[in-house]
Amino acid sequence: MTAPTTPKVEDDGASLISILDELTDMVERARAMPMSASVLVNKAETLDLLDAARGVVPAEIHAADDIVADADAVLERARDKAQEIVAQAEAEAERLVAAERVVALAQERAEDIVAQARVKAARLAADADDYCDRKLAQLEIELGTIASQVSAGREALAARAKHTVDDGA
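As the structure is a computational prediction, the values presented were derived from the model and not from experiment. (Residues numbered from 1 in each chain as written. Predicted model: local features only at pLDDT ≥ 70, side-chain atom pairs only at ≥ 80, totals over all residues. Heavy atoms only, no water.)

Asks: Describe the overall build of the chain, and please don't skip the residues or the numbers.
Replies: A tally of regular secondary structure across the chain gives 3 helices and 2 strands. Tracing the chain from N to C terminus, the helices and strands come up as α-β-β-α-α. Burial status across the chain gives 21% buried among its 169 residues. For the chain, the share of sequence-separated contacts (at least 6 apart) that also reach a separation of at least 24 residues comes to 68%. Taken as a whole, the chain presents about 11,800 Å² of accessible surface, with 57% of it coming from carbon and sulfur. (Helix = DSSP H or I, 4+ residues; strand = E, 2+ residues; numbered from the N terminus. Buried < 20%, exposed > 50% of the residue type's maximum accessible area, 1.4 Å probe, protein only. Contact = heavy atoms within 4.5 Å. Areas by Shrake-Rupley, 256 points an atom, 1.4 Å probe, with all protein chains shown as cover.)

Asks: Got a sec to walk through the pattern of salt bridges? Specific residues and values, please.
Replies: Across all of its chains, the model carries 4 salt bridges by this definition. As a salt-bridge pair, Arg160 and Glu28 come within 3.4 Å of each other at their nearest N and O atoms. Placement of the pair is Arg160 in helix α3 (residues 103-168) and Glu28 in helix α1 (residues 16-29), with a sequence separation of 132 residues. Here Arg160 falls in the partly exposed class, since its relative accessible area comes to 32%. Here Glu84 and Lys81 are joined by a salt bridge, their closest N and O atoms 3.8 Å apart. Of this pair, Glu84 and Lys81 both sit in helix α2 (residues 43-98), separated by 3 residues, roughly a single helical turn. Judged by its relative accessible area of 38%, Glu84 is partly exposed. (Salt bridge = Lys/Arg side-chain N within 4 Å of Asp/Glu carboxyl O.)

Asks: Tell me what's going on with α1, and back it up with residues and numbers.
Replies: Given a rise of 1.5 Å per residue, 14 residues ought to cover 20 Å, and the 20 Å separating the end C-alpha atoms of α1 matches this to within 8%. Within α1, the full set of buried residues consists of Leu16, Ile19, Glu22, Leu23 and Met26. One side of α1 carries all its buried residues, which in axial view fall inside an arc of 130 degrees. (Expected span 1.5 Å × (residues − 1). Arc of directions from axis to C-beta.)

As C-alpha cells, this is what we get:
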C-alpha cells in the first residue's frame, strides 16, 4: 500500500487539473492486488482529493460567471455611454438651432453630430459584443481542455485496466 500523503491542495490556489493529476498519480503509484486489475489506495487521501475537486469546480464555474458578468457590464457601460453621446448630440443640436444667425448651419451640424454619435454608439456596442465573444470563446477552450484531459485520463485508466486483465489471463 502507498504511504499516506497529505493532499497538495490549497483552498485558494487549487485547480481541478492539479487535483486530477494528483488522483491519477495516486492510482498509478498504488500497489496492485494480486491477480486483479484492482489497486490499493488510501481511502482518506482519495476522499480528501475528491472533496477538494468538488470545491474547485464551483469556483471555476463562478469564475466563468464572473467573466460573463464582466462582459455584460462592459456592454451595459457601452450602451450607457452611447445614450449619453446621443443625448449630448441632441442637446448640442437644439442649442445650435436656437441661434438665429446660424439656423441652417446648426441643423446641418446637428445632423452630423447625431450621425457621428450613432456611428460611435454602434461601434461601442460592437466592441462590447466582440469582447464578450472573445471571453466566452476563451472559456469554451479552457473547458474543452479540461474535458479532454479528464477523458484522456479515464481512457488511460481503462486501457491500463484492460492491459492488466489481458496480461493476467
